[in-house]
Amino acid sequence: ATGLMAGKRGIIMGVANNRSIAWGIAKAIHDQGGEVALTYQGDALKKRVEPLAAEINAVLAGHCDVSDEATIDAVFADLEKRWGKIDFFVHAIGFSDKDELTGRYIDTSADNFAKTMQISVYSFTSVARRAEKLMTEGGSMLTLTYYGAEKVMPNYNVMGVAKAALEASVKYLAVDLGPKNIRVNAISAGPIKTLAASGIGDFRYILKWNEYNAPLRRTVTIEEVGDVGLYLLSDLSRSVTGEVHHADSGYHVVGMKAVDAPDI
Ligand code: NAD
């Protein structure tokens, strides 16, 4: 194979369907000659992920629920047997109770706070520890975050607090793994209509607001985020680690509503 990812193999967690950000990244890697292993969460998603894996000749690496560590170990035991080493790991996983992605942050329950942190934050560190063992010749790890970590976004609530912790994890992991030439970065993606996003209150309003006010006057696609992922997973970004890279049509630099923005 030729391309930026030729000779590289890795695992991508978080494909639920063909609208998933993880799928945009998987396609970009495959297009550049990389070999991908995909996990899925449960049998319901297996049916959706199986044909997608076939489309890009990806390995179906099995069921993985990050709240069940045994399923992570099983996937990595299989990967070690199959490939021995890996070069990249993508974490595109987030979860919070839909009922708490609306209203006030102050009403977050202890249970959902813990669950949101476990699945959306700790899982990156937990899987990174397994991935490190297989990155014997260096590597690149990538997670997905959102501007709600930096600024308060309506309804994002506990997920914003989790993303802030995830972004801090990226920096700590980058320092832990740098001596092994393993890089750790995040993409802060602009809003995209995915399964996970449909749980966030008034999401259509957020999309429109971004479209009208981002410097590029449009929202981003999974293919565009995929290309940024390609850069961060390939050797093009070999000097970059601990970074949170915005792929949001520039929205994060804006301080006020655009003068030409229509009312929503
Ligand atoms: P998605 O619904 O397609 O993907 C979310 C994935 O998380 C699914 O594949 C789901 O199976 C997985 N997941 C949830 N709980 C899990 C668990 N316990 N174990 C294993 N997997 C689990 O939605 P998406 O928008 O592509 O989300 C991917 C990532 O991108 C998330 O971290 C999300 O917060 C982030 N993100 C999304 C947006 C957006 O607007 N869509 C913007 C910025 C960041």
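Above: the structure in question.
Please read all numbers here as calculations on a predicted model, not as lab measurements.

1. Some thoughts on the packing of helix α3 (residues 69-83) against helix α4 (residues 110-134)
How two helices pack is summed up by the angle between their axes together with the distance between the axes.
No. 1: Interaxial distance between α3 and α4 falls to 11 Å at its minimum, and their mutual angle equals 25°. The orientation of α3 with respect to α4, classified from their angle, is roughly parallel. As α3 packs across α4, the resulting crossing turns out to be right-handed. Taken together, the residues of α4 that come into contact with α3 (itself represented by E69, I72, D73, F76, L79 and E80) are Y122, S126, V127, R129, R130, A131 and L134.
No. 2: Looking at the contact of α3 with α4 residue by residue, the classes come out as seven nonpolar, one polar and five charged.

2. As for the packing of aromatic side chains
No. 1: Summed over all chains, the structure comprises four aromatic pairs.
No. 2: Taken together, a centroid distance of 4.9 Å and an interplanar angle of 70° make the contact between Y146 and Y156 edge-to-face. Taken together, the residues Y146 in the loop between β5 (139-145) and α5 (157-177) and Y156 in the loop between β5 and α5 connect sequence positions ten residues apart. Y156 shares its class with Y146; the two are buried.

The rules behind these values
All residue numbers refer to position in the chain's written sequence, counted from 1. Note on the predicted model: pLDDT of at least 70 is required for a residue's local features to be given, and 80 or more for side-chain atom pairs to be given and counted; whole-chain, interface and lining totals, by contrast, use all residues. As a convention, hydrogens and water are excluded, and side-chain values are obtained from all of the structure's heavy atoms. For every element, the axis is a line fit to its C-alpha atoms; helices are fit only across the contacting stretch, and the angle between N-to-C directions ranges from 0 to 180 degrees. By definition, any uninterrupted DSSP run of H or I lasting at least four residues is a helix, any uninterrupted run of E lasting at least two residues is a strand, and each is numbered from the N terminus. Any angle from 65 to 115 degrees is called roughly perpendicular, while one under 35 is roughly parallel, one over 145 is roughly antiparallel, and all others are oblique. Handedness of a helix crossing follows the sense of rotation of the near helix relative to the far helix, less than a right angle counterclockwise being left-handed and clockwise being right-handed. Contacts between residues were defined by any pair of non-hydrogen atoms, one from each residue, lying within 4.5 Å. Residues are grouped as follows: Ala, Val, Leu, Ile, Met, Phe, Trp, Tyr, Cys and Pro are nonpolar; Asp, Glu, Lys and Arg are charged; all remaining types, including Gly, are polar. In this analysis, rings of Phe, Tyr and Trp, with Trp reduced to its six-membered ring, are considered paired at centre separations within 6.5 Å, and the interplanar angle assigns stacked below 30 degrees, edge-to-face beyond 60, and tilted for intermediate values. Burial classes: relative accessible area under 20% of the type maximum marks a residue as buried, over 50% as exposed, and values in between as partly exposed (1.4 Å probe, protein chains only).

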